[in-house]
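Structural overview for review
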Amino acid sequence: MGFSCTAAIITMLRKYPFYLKATVILFGLILLVYALFNLKDVLVPLAFSLLLAILLNPIANRLHRWKIPRVWAIVIAVLVAIIIIAAIGYFLSSQIAGFTDQLPLLKKKLASLILQLQREASHRFGLNMQRQQEMLSEAETSIKPLVGQTLGTLAGSVFMMVLLPVYTFLFLYYKMLILNF
């Protein structure tokens, strides 16, 4: 059966001209990229949770060998991962908080740097300070929609953080069914 199917594919490949085969292959690749781009909201959490499930599988198996029921072994493994990720997040946020203590000094330096840059632009390009302020205000109004996009991305990230443990649990729980499939 497999040999006759392979022979049919080889015959089909010889039958059509190169330009038609190349067009079909390129169209298929474009369609694949388009589908992957549109499914990124589903595929990214699934990929991360699959990776996390692969990393947590030895822990869950070890706990199960210690006579802990399978469901509780998986829950404990996922909770350990959440605690480790939360500890890393706490460490990073404390470092960022330490950085915000230096923020007033950085603002002062940035303001002096911008003033120096404005003087240089005025000198080299002949742009007066009023025109530079107008250009900055135009840039500021164009940046405002980006704030909404940032909030939307933040909400998507929070949603992904909620789905990640659920998907990881399900991957670990139904591991044998997935492998048999």
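Structure's up top.
About the thresholds
- Residue positions within a chain follow its written sequence, with the count starting from 1.
- Owing to the predicted nature of the model, reporting of local features is limited to residues with pLDDT of at least 70; listing and counting of side-chain atom pairs is limited to 80 or more, with chain, interface and lining totals taken over all residues.
- Note that water and hydrogens are dropped before the side-chain values are worked out from all heavy atoms of the structure.
- Secondary structure elements are taken from DSSP: a helix is a run of H or I of four residues or more, a strand is a run of E of two residues or more, and numbering for both begins at the N terminus.
- The size measure is the radius of gyration over C-alpha atoms, and the globule rule it meets is 2.2 Å times the number of residues to the 0.38 power.
- Exposure classes here rest on a 1.4 Å probe applied to the protein chains alone. A residue is buried below 20% of its type maximum, exposed above 50%, and partly exposed in between.
- Accessible surface is estimated by sampling points in the Shrake-Rupley manner with a 1.4 Å probe; for residues, cover comes only from the protein chains shown.
- In this charge count, Lys and Arg are treated as positive and Asp and Glu as negative; neither His nor the chain ends contribute.
- For this purpose, a charge sits on NZ of Lys, CZ of Arg, CG of Asp or CD of Glu.
- In this scheme Phe, Tyr and Trp rings, the latter by its six-membered ring, pair at centre separations within 6.5 Å, and the angle between planes marks the pair as stacked below 30 degrees, edge-to-face above 60, and tilted otherwise.
- Residues belong to a common nonpolar core when they are buried Ala, Val, Leu, Ile, Met, Phe, Trp, Tyr or Cys residues joined through side-chain atoms within 4.5 Å.
- Residue contacts follow a heavy-atom distance rule, with two residues in contact if any of their heavy atoms lie within 4.5 Å.
- In protein, a polar contact means a hydrogen-donor-capable atom and an acceptor-capable atom, both N or O and within 3.5 Å, with residues adjacent in sequence counting only if both atoms are side-chain atoms; elsewhere, any N or O pair within 3.5 Å suffices.
- Think of each axis as a best-fit line through the C-alpha atoms, taken over the contacting stretch in the case of a helix, with angles from 0 to 180 degrees between the N-to-C directions.
- For this classification, under 35 degrees means roughly parallel, over 145 means roughly antiparallel, 65 to 115 means roughly perpendicular, and everything else is oblique.
- Residue polarity follows a fixed list, in which Ala, Val, Leu, Ile, Met, Phe, Trp, Tyr, Cys and Pro are nonpolar, Asp, Glu, Lys and Arg are charged, and the others, Gly among them, are polar.

1. Quick look at the overall build of the protein chain
Scanning the protein chain from terminus to terminus reveals seven helices and zero strands. Listed by position from the N terminus, the elements making up the protein chain come as α-α-α-α-α-α-α. Relative to a compact globule of 181 residues, whose C-alpha radius of gyration would be 16 Å, the protein chain shows 28 Å and is clearly more extended. Each of the three principal axes of the protein chain carries a C-alpha extent, and together these read 80 × 60 × 20 Å. With 181 residues in all, the protein chain has 12% of them scored as buried. If you sum the accessible surface of the protein chain, you get close to 15,000 Å²; carbon and sulfur atoms cover 75% of it. Across the protein chain, the mean location of the 16 positive side-chain charges is 24 Å away from that of the 6 negative side-chain charges.

2. Re the packing of aromatic side chains
Enumeration over the complete set of coordinates arrives at two aromatic pairs. Ring centres of Phe 169 and Tyr 173 lie 5.8 Å apart, and the angle between their planes is 10°; on these two criteria the pair is classed as stacked. Of this pair, Phe 169 and Tyr 173 are both found in helix α6 (residues 129–173), four residues apart, which corresponds to roughly one turn of the helix. For Phe 169, a relative accessible area of 23% translates into the label partly exposed. With a centroid separation of 4.9 Å and 85° between ring planes, the pair formed by Tyr 173 and Tyr 174 is classed as edge-to-face. Tyr 174 sits in the partly exposed class, given a relative accessible area of 38%.

3. Examining the nonpolar core
Ranked by size, the top nonpolar core spans 10 residues in total: Leu 52, Ala 53, Leu 56, Ala 60, Ile 74, Ala 77, Val 78, Ala 81, Leu 164 and Leu 172. At the level of elements, α3 (40–65), α4 (70–101) and α6 are the ones that each hand at least two residues to this core. Excluding residues that lie within four positions of it along the chain, Ile 74 makes contacts with Ala 60, Phe 169, Leu 172 and Tyr 173.

4. Digging into the side chain of Thr 168
Tracing the chain through its elements places Thr 168 in helix α6. Exposure remark for Thr 168: the relative accessible area of 0% places this residue in the buried category. At a separation of 2.7 Å, a polar atom in the side chain of Thr 168 contacts the main-chain carbonyl oxygen of Leu 164. Ignoring sequence-local partners within four residues, the contact set of Thr 168 consists of Ser 49, Leu 52, Ala 53, Leu 56 and Val 78.

5. Some details on the environment of Leu 146
Relative to the elements of secondary structure, Leu 146 occurs in helix α6. In this structure, the C-alpha to C-alpha distance between Leu 146 and Ala 35, residues 111 residues apart in sequence, is 25 Å.

6. A closer look at the packing of α4 against helix α5 (residues 103–125)
One way to put it is that α4 packs onto α5 with a least axis distance of 4 Å and a crossing angle of 50°. Considered as vectors, α4 and α5 are oriented oblique to each other. Contacts between α4 and α5 involve Phe 99, Thr 100 and Asp 101 on the former and, on the latter, Leu 103, Pro 104 and Leu 106. Taken together, the residues of the contact of α4 with α5 sort by class into four nonpolar, one polar and one charged.

Everything listed here is a matter of geometry and, on its own, says nothing about what the molecule does.
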